[in-house]
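Structural overview for review
Each chain is listed here by its residues.
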Amino acid sequence: MDTMHETKKWFDYAGDDSDVIVSTRVCIARNLAGFPFAWKMRASDRKTVLRTVLEAAQSSRLAIAGRFSCRLLEELSKTELVSLAERGLVTPDFIARREGRALLCTEDESLSVSVNGGDHLLLAAMRPGLDLDGAYSAVDTLESVLSRALDFAFDEEFGYLTEDPADLGTGMHAELTLHLPALARAGSLPRVAAGLSKLGVRLREGLGAEPQAELYRLSNQVTLGISEQEAVFNLKSMAYQVVTQERSARSALCGTVEMQDRIFRALGVLQNARILPLPEFMSCFSQVRLGVSQQLFEGIRLDGMAALMAGAQPATLMLGAGKALSAAERDIARASLARSVRAMRKEEG
């Protein structure tokens, strides 16, 4: 059974600037030369591409041999598929169609390869907090290793060829997930997003997250005529600007006893509730994460909070339980999870 509790995952840790930046994701899209794009492929083409990629990833000649497990989407249950999306390993679009698709993934889920999605391969690296350089280095190394066994479609004028013309050139997409409760509540995000858009960076609501979580995605928009390193540098520069604005807004927001009361009440709910619907959990989670970042609680750290959020999602909850759960049963299991995790409890001694 696919479960997130077998080993420590990348999201069990907090990284740099994790008070605002929850995670870093860097993806590289690649297509195999000699094959049509995924949306035009026949079933036989998809099988051939899948077999070719798996042989390359498992080749003893390459440094990555033995690092990746393979999950064929056709062999996974609906619950397992949805949990993969909840944990950010794949997109909802990727699991909507199973035939000929697979996910290669390291044990800690920090490095993955989606096969036969929008592109033949989508290489992805995940890191906690702000770590664009580390994530890019990991996914670039993986691409370099695979290129020794795979012939990627490339054009001298347009660079790497991708299914979406917007990804032409580097085929790289870098994204940060940010927790922006203060800017959101101040109504400042439309203004901030408009300013960033003029600089080639996009800010939008988090993918698949409940709006109560106050999570947003910051990503690069330009891939043609710019190097991967330039794109990473630009995104990092823009991220620091958003982080500065959010921290300033938090100082004002959390300076009132009314706001502090709301935050402590949210912690009380997570530590004591017996029934927690997902919207209420996400609202309390956002409040408590804000309180932790402002050091309002003693002995509670950001480490493990991303794991708590992932574990509280419906399909991942059922995987943890090892059985199907009704909506009411999930609400009870979610409350039990929130009460039990270390991230929500003060440390002993």
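Definitions and limits used
- Residues numbered from 1 in each chain as written.
- Predicted model: local features only at pLDDT ≥ 70, side-chain atom pairs only at ≥ 80, totals over all residues.
- Heavy atoms only, no water.
- Axes fitted to C-alpha atoms, helices over the stretch in contact; angles between N-to-C directions.
- Helix = DSSP H or I, 4+ residues; strand = E, 2+ residues; numbered from the N terminus.
- Parallel < 35°, antiparallel > 145°, perpendicular 65-115°, else oblique.
- Left-handed = near helix turned anticlockwise from the far one by under 90°.
- Contact = heavy atoms within 4.5 Å.
- Nonpolar A, V, L, I, M, F, W, Y, C, P; charged D, E, K, R; others polar.
- Phe/Tyr/Trp six-rings, centres within 6.5 Å; stacked < 30°, edge-to-face > 60°.
- Buried < 20%, exposed > 50% of the residue type's maximum accessible area, 1.4 Å probe, protein only.
- Salt bridge = Lys/Arg side-chain N within 4 Å of Asp/Glu carboxyl O.

**So, the packing of helix α2 (residues 78-86) against helix α11 (residues 314-321)**
At a minimum axis distance of 7 Å, the contact between α2 and α11 shows a crossing angle of 120 degrees. Overall, the two elements α2 and α11 adopt an arrangement that is oblique. Seen from above, α2 lies across α11 with left-handed handedness. Taken together, the residues of α11 that come into contact with α2 (itself represented by T79, E80, V82, S83 and E86) are P314, A315, T316, M318 and L319. Here the residues of the contact of α2 with α11 are counted per class, giving five nonpolar, three polar and two charged.

**Description of the packing of aromatic side chains**
According to the stated counting rule, one finds four aromatic pairs in the structure shown. Relative to F11, the ring of W10 has its centre 5.4 Å away and its plane inclined at 75 degrees; by these criteria the two rings are edge-to-face. Assessed through its relative accessible area of 4%, F11 is described here as buried.

**Things to note about the packing of helix α8 (residues 257-272) against helix α9 (residues 278-293)**
As a packed pair, α8 and α9 sit with axes 8 Å apart at the nearest point and diverge in direction by 125 degrees. Between α8 and α9, the interaxial angle falls into the category oblique. The handedness of the crossing between α8 and α9 is left-handed. Contact with α8, carried on its side by M259, R262, I263, A266, L267, V269 and L270, involves E280, F281, C284, F285, Q287, V288, L290 and G291 of α9 and no other residues of that element. Classifying every residue of the contact of α8 with α9 gives 11 nonpolar, two polar and two charged.

**Brief notes about the pattern of salt bridges**
As enumerated under the stated definition, the model contains 15 salt bridges in all. Note that D17 is salt-bridged to R247, the shortest N-O span being 2.9 Å. Of this pair, D17 sits in the segment before β1 (21-30) while R247 is found in helix α7 (residues 228-253), placing the two residues 230 residues apart along the sequence. Across the pair E175 and R217 runs a salt bridge, and its minimum N-O distance is 3.6 Å. Taken together, the residues E175 in strand β8 (residues 172-179) and R217 in strand β10 (residues 215-220) connect sequence positions 42 residues apart. On the accessibility criterion, E175 (11% relative accessible area) is buried. Within this structure, K9, R87 and E109 form a network of salt bridges that share partners.

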